[in-house]
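One-letter residues, chain by chain:
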Amino acid sequence: MSTWEVRSECTPGCAVHAAPRVSSAEAARRCAAFARAAGRALRDGERMAEPARLRAHARSVLAAIGVRLDIDTPPDTAGLVVREARPPGAAGSPPGTLVVANHISWLDIPALLAVEPVTLLAKREVGEWPLVGTLARRAGTRFIDRGRPRQLPATVASLADVLRSGRSVAVFPQASTWCSGAYGAFRRATFQAALDAGAPVRPVTLSYEQLGQPSTVAGFLGDEEFLSSVRRVVRARGLTVRVTVHPPLDPRPGTDDRRALADLARAAVSSRVQAVGTYL
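Residues numbered from 1 in each chain as written. Predicted model: local features only at pLDDT ≥ 70, side-chain atom pairs only at ≥ 80, totals over all residues. Heavy atoms only, no water.

In this section: the pattern of salt bridges. In total, this model carries 10 salt bridges according to the counting rule given. Between Glu209 and Arg242 there is a salt bridge; the shortest N-O distance is 3.2 Å. Of this pair, Glu209 sits in strand 6 (residues 201–210) while Arg242 sits in strand 8 (residues 239–245); the two residues are 33 residues apart in sequence, bridging distant segments of the chain. Note that Arg232 is salt-bridged to Glu224, the shortest N-O span being 2.7 Å. Given a relative accessible area of 10%, Glu224 falls into the buried group. A network of salt bridges, in which partner residues are shared, links Asp44, Arg47, Glu50 and Arg53. (Salt bridge = Lys/Arg side-chain N within 4 Å of Asp/Glu carboxyl O. Helix = DSSP H or I, 4+ residues; strand = E, 2+ residues; numbered from the N terminus. Buried < 20%, exposed > 50% of the residue type's maximum accessible area, 1.4 Å probe, protein only.)

As structure tokens, this is what we get:
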């Protein structure tokens, strides 16, 4: 394992139901709906990259497997991207937003895209996941190989260029999945891209509940196979993914550094984490 890779302490055993499972018939119905959502998305081809279509497909994926989307934003915020007002006569366009979120599940990707389609920075393996990988590729995801740490400087430079162009990028700075947003430090490298581009940082907390109670059932952890996680999720009763959007952090060149930004973002994300229970 390279120094760039992160090994989560969470295992598939951490992912458990916090409510009684749905019936086998309901699980089968959800699997069929998931397959239909996949078919519709694939038939769209390159048109899936259109923001409205990408958002619709992401929401369709969540609905198909019985996952409710709950979006919690500040009063003056409509989505993930910080929409900067430029003074009259200002040169150039504003930079994009670096969206940073904790990482729990493969469901995190459609959840973010369902709020607002942005470019994603994700590990190479994400592109191989059924349907979710297709959504990620159509969103213009930049895939990275964490087994090749020498690529890191070039990845950060490329990410800064994307932000300077006005496009927003979402990253998971924990670099691995954890069963709760309470665990896992934020790696600092991607925050350097925001500093280099003068881009705002938008912290986002992703959390999962079943019937109003915090749950780990959506966790995609350790060496678990993708389809194993899907089978557990389709049996989950009353599953909600909550996307909590926090006020942006505005980096100050020459004053802030990537360590300070990572710590501030981690504190914001952790501020909305609840204790998790289980259903036996």
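Past the structure itself, the notes keep going.
Counting buried positions along strand 6 yields 10 of 10 residues, so the element is predominantly enclosed. Taking every second residue as pointing to the same face, both faces of strand 6 are buried, with Val201, Pro203, Thr205, Ser207 and Glu209 on one and Arg202, Val204, Leu206, Tyr208 and Gln210 on the other. Here 4 bridges tie strand 2 (residues 98–101) to strand 6, and the two strands are oriented parallel to one another. Each residue of the ladder has a partner; that of Val100, found in strand 6, is Pro203. Two strands pair when backbone bridges link them, and strand 6 and strand 8 are joined in this way by 7 bridges, in the antiparallel orientation. Within strand 8, the position partnered with Leu206 by the bridge is Val243. (Pairing = 2+ DSSP bridges.)

Turning our eyes to something else, we now look at the packing of aromatic side chains. Enumeration over the complete set of coordinates arrives at 4 aromatic pairs. Taking 6.5 Å as the distance between ring centres and 70° as the angle between the ring planes, the aromatic pair formed by Phe34 and Trp106 counts as edge-to-face. Placement of Phe34 in helix 1 (residues 24–44) and of Trp106 in the loop between strand 2 and helix 3 (108–115) is noted, with a sequence separation of 72 residues between them. You can call Trp106 buried: its relative accessible area is 0%. Ring pairing ties together the aromatic residues Phe34, Trp106, Phe220 and Phe226, which thus form one cluster. (Phe/Tyr/Trp six-rings, centres within 6.5 Å; stacked < 30°, edge-to-face > 60°.)

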